[in-house]
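Geometric and topological summary
These are the residues of each chain, in order.
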Amino acid sequence: MEKITYTEIFYSLQGEGRWAGVPSVFFRTFGCNFRCKKFGRPRQEEIEGHNPEVVEILRQIESNPDQYKKFEDLPLVTSGCDTYASIYPEFKRFNDQDNVGTIVDKIHALIPGNTWDQGWNDDVHLVITGGEPLLAYQQLYPEMLDLCRERGLLNLTFETNGSQKLYPEVEEYLFNEFTRHGRDYDKLTFSVSPKLPCSGESWERAINPEIVKSYEMVGMTYLKFVVATREDVADAERAVAEFRAAGFGGPIYLMPVGGVPQVYNLNTQEVARLAMERGWRYSPRLQVDIWRNAWGT
Ligand code: SF4
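Below or above, wherever it landed, is the structure these notes cover. (Residues numbered from 1 in each chain as written. Predicted model: local features only at pLDDT ≥ 70, side-chain atom pairs only at ≥ 80, totals over all residues. Heavy atoms only, no water.)

**A short note on the overall build of the protein**
Within the protein, the secondary structure is distributed over ten helices and nine strands. For 297 residues, the compact-globule estimate of 2.2 N^0.38 gives 19 Å, and the protein sits close to it at 19 Å. If one aligns the C-alpha atoms of the protein with their principal axes, the spans along those axes are about 50 × 50 × 35 Å. For the protein, with 297 residues in total, the buried portion stands at 55%. Within the protein, residue pairs in contact and separated by at least 24 positions form 76% of the contacts whose partners lie at least 6 positions apart. When the accessible area of the protein is evaluated, it comes to approximately 13200 Å², of which 49% is carbon and sulfur surface. On the protein, the mean spot of the 32 positive side-chain charges and the mean spot of the 43 negative ones are 2 Å from each other. (Helix = DSSP H or I, 4+ residues; strand = E, 2+ residues; numbered from the N terminus. Rg over C-alpha atoms; globule rule 2.2 N^0.38 Å. Buried < 20%, exposed > 50% of the residue type's maximum accessible area, 1.4 Å probe, protein only. Contact = heavy atoms within 4.5 Å. Areas by Shrake-Rupley, 256 points an atom, 1.4 Å probe, with all protein chains shown as cover. Lys, Arg positive; Asp, Glu negative; His and termini not counted. Charge placed at Lys NZ, Arg CZ, Asp CG, Glu CD.)

**Some words on the packing of aromatic side chains**
Evaluation of the coordinates by the stated rule reveals nine aromatic pairs. Ring plane angle 5° and centroid distance 4.9 Å describe the contact between F10 and F26, whose orientation is recorded as stacked. Here the residue F10 occupies a position in strand β1 (residues 3–13), and F26 occupies one in strand β2 (residues 23–29), the gap between them amounting to 16 residues. For F10, a relative accessible area of 6% puts it in the buried group. Relative to F190, the ring of F158 has its centre 5.5 Å away and its plane inclined at 25°; by these criteria the two rings are stacked. With F158 in strand β5 (residues 156–160) and F190 in strand β6 (residues 188–192), the pair connects residues that are 32 residues apart, well separated along the chain. Of the two residues examined, F158 and F190, each falls in the buried class. (Phe/Tyr/Trp six-rings, centres within 6.5 Å; stacked < 30°, edge-to-face > 60°.)

**What about helix α7 (residues 230–245)?**
Structurally, the α-helix is built with 3.6 residues per turn, so residues lying three or four positions apart point the same way. The end-to-end C-alpha distance of α7 is 23 Å, a good match for the 22 Å that 16 residues give at a rise of 1.5 Å each. Within α7, burial applies to D232, V233, D235, A236, A239, V240 and F243. Projected onto a plane normal to the axis of α7, the buried residues spread over an arc of 155° and lie on a single side. Tucked inside the fold, the buried residues of α7 contact α5 (203–206), α6 (209–216), β7 (220–227), β8 (252–256) and α9 (268–278). (Expected span 1.5 Å × (residues − 1). Arc of directions from axis to C-beta.)

**Details of the sheet that holds β6**
Pairing is mixed across the open sheet formed by nine strands, whose spatial order is β3-β1-β2-β4-β5-β6-β7-β8-β9. Pairing within the sheet leaves two strands with one partner each, and these edge strands are β3 (96–99) and β9 (281–282). As paired elements, β1 and β3 share four bridges and run antiparallel to each other. Counted as the bridge partner of I4 is D98 from β3. Its contacts with the sheet place helix α2 (residues 100–110) against β1, β2, β3 and β4 (125–129), and it is angled at close to 10° to β1. Strand contacts of α9: β7, β8 and β9, with the helix running at about 165° to β8, the strand carrying the most contacts. (Pairing = 2+ DSSP bridges. Axes fitted to C-alpha atoms, helices over the stretch in contact; angles between N-to-C directions.)

**Side note on the pairing of β8**
With five of five residues buried, β8 lies mostly within the body of the structure. The alternating pattern of β8 places I252, L254 and P256 on one face and Y253 and M255 on the opposite face, and all of these are buried. Bridging between β7 and β8 involves five bridges; their strand directions are parallel. Looking at the pairing, F225 lines up with L254 of β8. Pairing geometry for β8 and β9, over two bridges, is parallel. By the bridge assignment, Y253 is partnered in β9 with R281.

**Details of the site of the ligand**
Surrounding the ligand, one finds C32, F34, R35, C36, C81, T83, I87, G131, N161 and K195. Looking at side-chain class alone, the shell around the ligand contains five nonpolar, three polar and two charged residues. (Near = heavy atom within 4 Å. Nonpolar A, V, L, I, M, F, W, Y, C, P; charged D, E, K, R; others polar.)

**Considering unusual backbone geometry**
A cis amide bond links G130 to the next residue, G131, at an omega of 20°. The phi dihedral of C36 is positive, around 50°, even though this residue is not glycine. Judged by relative accessible area, C36 falls into the buried class, the value being 7%. For W120, which is not glycine, the phi dihedral falls at a positive 50°. Assignment of secondary structure puts W120 in the loop between α2 and β4. A relative accessible area of 85% means that W120 is categorised as exposed.

Set out below in structure tokens:
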């Protein structure tokens, strides 16, 4: 494998989790092992095939192909996976494919002064997201990260669903080279969003304490649960108990469901309160607050 299929590369503020508000370049890879088609939909709903909103979008594309020429032309959704164009094969043609050198050139063209280090303790972070970014493309990340480190890259975050093992050579690279044998442990973040039953994914596939614990051996790791109801929070508690029993020691975040303001704004206060009651952290979605989650934010 020499090329990576990806949905978008953009410069924005990190909207979620530990580094919310930090200027970051996002590299969104194509492909995911999950579908999460029930986010924002009733639990009891039976969904055959794709999320219904995605089915409707595909129908619109077929009847109006001239209206949907590039990724940015696609509409946002209020339910299911909010990065649907990064997961369904039918949208692959809206994605790009490049080798690592070209991708790094595109990334570097976006950062101020073409350097990650902005001086005075400020630096731009790199976020590798998806889809699920730890699928097979991970084997190309050491080469990609070496090129970024030549221009001063210090901070890296993987946004993952926590179901994919690191390849041994990638784990070794991250530990030996990126964090310099753990001395820069804090500069590598695994932002893990395990999928709860409200996503529609099965517990057995989605909750993987041993895999997440292995990330924690390499870099700072936290869990971020997307929730809408008390039932979701009860599921998060059950999952946290499993992660803790396996020895996971990182912090826990709750984040409101909602890729668009009309859904997100429904439950921010309630989710904040539920997080506080448990001594957990609250994650905003700044990309929804500030930019209404438009593509490229
Ligand atoms: S794991 Fe993330 S990218 Fe994959 S389908 Fe679920 S929400 Fe979408």
